[in-house]
Amino acid sequence: MDVKRGYLLTTLFVLSLVVGIFAGYLIANQQQLKPINPSGVALGLGSEEGLKTIVVTGEGVVTTEPDLVELSLGVQTFAESAEDALRLNSERMNKVVESLKALGLSEDDFKTGSLTLSPQYSREEPHSIVGYRATNTIIIKFTDLSMAGKVIDTAVSAGANRVLGIYFKLSEEKAAEVKVEALKLAALDAKAKAESIASALDVEIVGVYKVSESYMPVYPVRGGFDIAEVKAETPVFPGEVQGRASVQVEFLIK
């Protein structure tokens with residue numbers, strides 16, 4: 001009799017536990033949590049209707065004048081010995097740097113780009129070393145764009161025989177300003193597009209669900225110069241710098 005009673009109680013306990021779990025599952029499905037966005041609109045995450053959104057991409061472009069120049073130039077020398085190639089190269093590069101300092105550039109405006117020394121071999125078999133080539137390149141930064149042509153001419157006259165390229169850029173401060181403005185324009189463009197779409201579809205924008213952005217500056221580049229083309233008063237035109245921003249926004253609608 002006690003065994004039967006214990007068996008009955010155990011069975012009733014298991015059944016009540018199963019019923020409680022099932023009831024809890026039903027209640028959880030019927031009363032899903034609905035987060036509220038800043039506009040006070042309930043979003044049925046995980047519900048059948050899901051989120052109602054409009055996804056648009058806005059573009060923003062800011063065009064401005066560069067305020068920084070980077071000039072890459074160098075000296076290349078050849079001699080029978082490695083020591084002579086380096087010595088000749090050093091002497092000529094020092095003359096180039098001193099001549100540019102005379103234009104008003106300071107030590108901080110110069111940075112070494114690369115320094116290489118390589119053996120040169122004869123064309124006949126068997127190949128043998130006939131000398132050494134030393135190449136030294138420097139990068140010069142300055143903010144007076146009108147000096148670009150004069151800097152090139154002065155460097156070449158002093159012994160530079162490689163002009164690798166000239167780059168017109170933005171200083172860090174101005175680059176930051178351009179980026180912020182381009183992103184702002186892109187965001188406003190996205191908003192205008194979303195509002196036009198919402199109006200046409202007869203829906204209302206009630207918030208922002210997701211935003212992603214990208215940015216890329218576009219700099220004008222003047223390629224390397226052929227030394228034979230470099231003359232007195234070499235004309236160099238800076239061009240314009242563009243900041244291009246893209247913003248993708250997913251707007252909540254109802």
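Residues numbered from 1 in each chain as written. Predicted model: local features only at pLDDT ≥ 70, side-chain atom pairs only at ≥ 80, totals over all residues. Heavy atoms only, no water.

This part takes up the overall build of the protein. Counting its regular elements, the protein contains four helices and eight strands. Counting from the amino terminus, the protein carries its helices and strands in the arrangement α-β-β-α-β-β-α-β-α-β-β-β. Out of the 254 residues in the protein, the part that is buried amounts to 33%. Taking the contacts inside the protein whose residues are at least 6 apart along the sequence as the reference set, 79% of them involve residues at least 24 apart. With the model as given, the accessible surface of the protein reaches about 16300 Å², and the carbon-plus-sulfur share is 56%. (Helix = DSSP H or I, 4+ residues; strand = E, 2+ residues; numbered from the N terminus. Buried < 20%, exposed > 50% of the residue type's maximum accessible area, 1.4 Å probe, protein only. Contact = heavy atoms within 4.5 Å. Areas by Shrake-Rupley, 256 points an atom, 1.4 Å probe, with all protein chains shown as cover.)

A separate point is the sheet that holds strand β6 (residues 205-218). With respect to topology, three strands assemble into an open sheet ordered β1-β8-β6, the strand pairing being antiparallel. Pairing within the sheet leaves two strands with one partner each, and these edge strands are β1 (53-64) and β6. When strand polarity is set aside, the average angle formed by the axes of neighbouring strands in this sheet is 15°. By the bridge criterion, 12 bridges tie β1 to strand β8 (residues 241-253) in an arrangement that is antiparallel. (Pairing = 2+ DSSP bridges. Axes fitted to C-alpha atoms, helices over the stretch in contact; angles between N-to-C directions.)

What follows deals with unusual backbone geometry. Cis peptide bonds are those with omega within 30 degrees of zero, and the linkage from E125 to P126 qualifies with -10°. In this structure, P126 sits in the loop between β3 (110-121) and β4 (129-142). In this model, D202 sits at a positive phi of 60°, which is unusual for a non-glycine residue. The class of D202 is exposed, set by a relative accessible area of 70%.

Counting 26 residues, the largest nonpolar core has L71, L73, V96, L100, I140, F142 and I166 as its most contacted members. Elements with a contribution of two residues or more to this core: β2 (68-79), α2 (82-101), β4, α3 (148-158) and β5 (162-169). A per-element tally of this core places α3 first, with six residues. (Core = buried A, V, L, I, M, F, W, Y, C linked by side-chain atoms within 4.5 Å.)

A few words on the pairing of β2. Burial of β2 is extensive: 10 of the 12 residues sit out of reach of the surface. Pairing analysis gives seven bridges linking β2 to β5, with the strands arranged antiparallel. Following the sheet pairing, L71 is matched in β5 by I166. In this structure, β2 lies alongside β4, joined through 11 bridges in antiparallel fashion. Within β4, the position partnered with S72 by the bridge is I139.

Time to look at the confidence of the model for the protein. Caution is warranted with low-pLDDT regions, since their predicted coordinates should not be read in detail. Of all residues in the protein, 75% have pLDDT values of 70 or greater, and the mean over the chain is 82. In this model, residues 17-48 is a region of pLDDT below 50 whose contacts with residues beyond four sequence positions or in other chains number 25 contacts. (pLDDT = per-residue confidence, 0-100.)

The next point concerns α2. Taking 1.5 Å of rise per residue, the 20 residues of α2 would be expected to cover 28 Å, and the 28 Å separating its terminal C-alpha atoms lies within 8% of that figure. Within the span of α2, buried status applies to A82, A85, N89, M93, V96, V97, S99 and L100. Projected down its long axis, α2 carries its buried residues within an arc of 160°, all on one side. Along α2, the residues that are exposed and aim more than 90 degrees away from the buried face are E83 and K95. On the buried face of α2, the contacting elements are β2, β3, β4 and α3. (Expected span 1.5 Å × (residues − 1). Arc of directions from axis to C-beta.)

Among the structural elements, F142 can be located in strand β4. You can call F142 buried: its relative accessible area is 5%. Setting aside anything within four residues of it in sequence, one finds F142 in contact with L68, V69, L71, L105, M147, A148 and V151.

Time to look at the pairing of β8. Both faces of the sheet carry side chains from a regular strand, because those side chains alternate between them. Counting buried positions along β8 yields 10 of 13 residues, so the element is predominantly enclosed. In the sheet, β6 pairs with β8 via 12 bridges, with the strands oriented antiparallel. Each bridged residue has a counterpart across the sheet, and for E213 the counterpart in β8 is V247.

Our next topic: the pattern of salt bridges. Within the structure shown, the criterion is met by eight salt bridges. E70 is the partner of K169 in a salt bridge, and the nearest nitrogen-oxygen pair spans 3.4 Å. Of the two residues, K169 is situated in strand β5 and E70 in strand β2; the sequence distance between them amounts to 99 residues. You can call E70 buried: its relative accessible area is 14%. Its salt-bridge partner being K101, residue E107 comes within 2.3 Å of it at the nearest N-O pair. Judged by relative accessible area, which is 53%, E107 ranks as exposed. A cluster of three or more residues bridged by salt bridges with shared partners is formed by E70, K141 and K169. (Salt bridge = Lys/Arg side-chain N within 4 Å of Asp/Glu carboxyl O.)

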